[in-house]
Each structure stands twice: as structure tokens, then as C-alpha cells.
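The primary structure of each chain is shown beneath.
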Amino acid sequence: MKRLDVSGRTSVITGAASGMGAEVARELARRGARLALIDRNREGIEALDLPGTGHTMHVVDLTDDDAVFTLAGEIEASHPHVQTLITCAGSSMLGDIDQVTMDEMRWLMDVNLWGTVNITKALLPAMRRQPAAHITHLVSIYGLAAPAGRIPYAMSKFAVRGFTESLRHELERSNVTVGAIYPAGVKTGIILHGRYAAAIDPAVAQRAAAAQAAMYHTEPADAAHRIVEATVKRKPRVMVGREARLVDALSRLTPTNYWKPMRKPLKDAIDTTTPIG
């Protein structure tokens, strides 16, 4: 499959104000891409210092259907060559089934799943008008293996995986290709700044989040390079980080028993019930 040349073409990035979204934006800007940057955090995207010209910034809540479809029209009006979409927007949530409420689970599904579906569906017509285009969805290793204490997050990421794979099959005879990225162990701070169930003691939640963050090894800039390379090469499935490769292999080798070897290293990160002190 022909490699995409992003120079002078437009890449749309969600969650661009921080974390992986910001790192992906920097990587693409260095390659000469024009960027349409999307986030709810106006200060965050306005603070990005990116090389190149022609970048636009868009403040929108991706769970707002009408706002997203209006935004798609605005982006195409400013960027006639929408070649790639990379969905980095998302959040995490700590808490076991007895701690999380239905509203909390619905909120995370809205952010992680429906925000991804919204922007993809809205921009697809513009991408179909290009000679070649690619959609990259950031999933997670928790779309491959579901740990205890992360039910809402795993639900949302398994759903994003299903959406991505089904969409790839639907578009297989078109000019638009679709890929999924499974990052793990990237030091972006998503787990530290994510949400936790209101029923959890905040100090306990912070301890559990810090325990998981301490296990991460991949630098964000390295992950961004892998994500952008996967996009321009139009890869259907890429693992980012050594933890991702390990979990991928484990979930394939023992799809019903992968939790046993995962439980021990994650034990402090899944315990949101034990008080501190």
C-alpha cells in the first residue's frame, strides 16, 4: 500500500491539547503537515508551539453530535485536503463495579467511544474525496485484555476496537484505510489525571494511579513517532510500548487466563479499596 505524504496535507487530531495528542501534533508538524487541532481545553491547544503554518484550532466537546458535525464542515472549509484523522481524545477511570455508578460508566463511554465515532463519521465524507486517506484510532492494551478495577475503561476500549475493525472492513474497497494503535506504558500522565469513581477515597485513588504510572517506560515522543509512522504507512494494527507487545502475546496465547500473570504486577494499581495508613 502506498505510503502517505503528509507534507502540505491536513491531519486532524483529537485530544490535541495534551498527552499523546500534543506529541502527535508536534511530530506531524515537523513533517510539514497542516493540522486541525481539536480539544475541549482552549488554553491547552492555544499554548501549543508548533512549527509550520496553516494550523487551525477548534474547541469542541466531541460528545456533542451537532457541534461535531458542524465542526467537520468548518474543518473542510479551511482544509480542502483532509488526509488523516488521529483520535487521541479520551479519559481513564479507576474503580471496581461496586464503586462506579451507571452515570460514571456512561460518561466514560460517551468520551472514549461516542467521541471517537462522532468525529470519524463526521469527517469521513471529506476523507473519501481524497485520493488516499487514513484513519488512526488510539485504542489501548485494555482493548485487548481487560483488567480488574477498570471495567468502564475496558468496556469503552473494547468498543473502540470493535468500531475500528468493523469500519476497516466496511471501507476495504475504498480510498480510506483504517488502523488501530494499542499503546501501553506511555508516560503521558493519563492515568494520573484521569477520573476515578466518586465512591473512592481520593488518596487511595491517587496511590493506585501512581502505582500504575510507575510501571510505564515508553517516552511520549517515541510513541508519537510510532503512531505517525503507522498512520503514513496505513497500518491496520500496531502495538506501541513493550508492555503492549507482552499483553498482545499473552492475550493470544491464553485468552481466558491472561489475568493470572497480569494480576501480580498490577496489584497496587487495582486496589482502590484499602485505606492508606
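Residues numbered from 1 in each chain as written. Predicted model: local features only at pLDDT ≥ 70, side-chain atom pairs only at ≥ 80, totals over all residues. Heavy atoms only, no water.

Undergrad: Which residues make up the sheet that holds strand E9 (residues 237-240), and what are the values?
TA: What the seven strands build is an open sheet, ordered E3-E2-E1-E4-E6-E7-E9; its pairing is parallel. Here the strands that pair on one side only, and so sit at the sheet edges, are strand E3 (56-59) and E9. Ignoring which end each strand starts from, the neighbouring axes of this sheet average 15° apart. In this sheet, strand E4 (residues 82-87) lies alongside strand E1 (residues 10-14) in parallel orientation, the contact comprising five bridges. Paired with Thr14 across the strands is Thr87, a residue of E4. (Pairing = 2+ DSSP bridges. Helix = DSSP H or I, 4+ residues; strand = E, 2+ residues; numbered from the N terminus. Axes fitted to C-alpha atoms, helices over the stretch in contact; angles between N-to-C directions.)

Undergrad: Residues and numbers for the pattern of salt bridges, please.
TA: Going through the model one piece at a time under the given rule, you end up with 12 salt bridges. Measuring nitrogen to oxygen at the nearest pair gives 3.7 Å for the salt bridge that ties Glu46 to Arg42. Of this pair, Glu46 and Arg42 are both found in helix H2 (residues 42-46), four residues apart, which corresponds to roughly one turn of the helix. Linking Asp103 and Arg106 is a salt bridge whose minimum nitrogen-to-oxygen distance equals 3.7 Å. Taken together, the residues span about one helical turn, with Asp103 and Arg106 both in helix H4 (residues 102-128) at a distance of three residues. By relative accessible area, which is 58% here, Asp103 ends up exposed. One salt-bridge network, in which partners are shared between bridges, spans Arg3, Glu27, Arg30, Arg31, Glu229 and Lys233. (Salt bridge = Lys/Arg side-chain N within 4 Å of Asp/Glu carboxyl O. Buried < 20%, exposed > 50% of the residue type's maximum accessible area, 1.4 Å probe, protein only.)

Undergrad: Describe the packing of H4 against helix H5 (residues 151-170), listing the residues and the values that go with them.
TA: Across the interface, H4 lies against H5 with an axial gap of 8 Å and an inter-helix angle of 20°. What the angle tells us is that H4 and H5 run roughly parallel. The handedness of the crossing between H4 and H5 is right-handed. Where H4 approaches H5, its residues Met105, Leu108, Met109, Asn112, Leu113, Thr116, Val117 and Thr120 are matched on the opposing element by Ile151, Pro152, Tyr153, Met155, Ser156, Lys157, Ala159, Val160, Phe163 and Leu167. Each residue belonging to the contact of H4 with H5 can be placed in one class, and the counts come to 13 nonpolar, four polar and one charged. (Parallel < 35°, antiparallel > 145°, perpendicular 65-115°, else oblique. Left-handed = near helix turned anticlockwise from the far one by under 90°. Contact = heavy atoms within 4.5 Å. Nonpolar A, V, L, I, M, F, W, Y, C, P; charged D, E, K, R; others polar.)

Undergrad: Please give an account of helix H3 (residues 65-78) that cites residues and values.
TA: With 14 residues, H3 ought to run about 20 Å at 1.5 Å a step, and its terminal C-alpha atoms sit 20 Å apart, in line with that. Among all positions in H3, only Val68, Leu71, Ala72 and Ile75 are buried. End-on view of H3: buried residues confined to an arc of 110°, all on one side of the axis. Opposite the buried face of H3, at more than 90 degrees from it, the exposed residues are Asp66 and Ala77. Those residues of H3 hidden inside the fold are in contact with E1, strand E2 (34-39), E3, E4 and H4. Regarding H3, its N-cap is Asp64, as a side-chain oxygen of that residue lies 3.3 Å from the backbone nitrogen of Asp66 further along. (Expected span 1.5 Å × (residues − 1). Arc of directions from axis to C-beta. Polar contact = N/O pair within 3.5 Å; in protein donor to acceptor, adjacent residues only side chain to side chain.)

Undergrad: Talk me through a negative patch on the surface; I want residue IDs and the actual numbers.
TA: Residues Asp61, Asp64, Asp65, Asp66 and Asp110 make up a contiguous surface patch of negative charge. On the basis of relative accessible area, Asp61 is assigned to the partly exposed category, the value being 33%. (Patch = residues over 30% accessible without salt bridge, like charges linked within 9 Å, V, L, I, M, F, W, Y side chains within 5 Å. Areas by Shrake-Rupley, 256 points an atom, 1.4 Å probe, with all protein chains shown as cover. Lys, Arg positive; Asp, Glu negative; His and termini not counted. Charge placed at Lys NZ, Arg CZ, Asp CG, Glu CD.)

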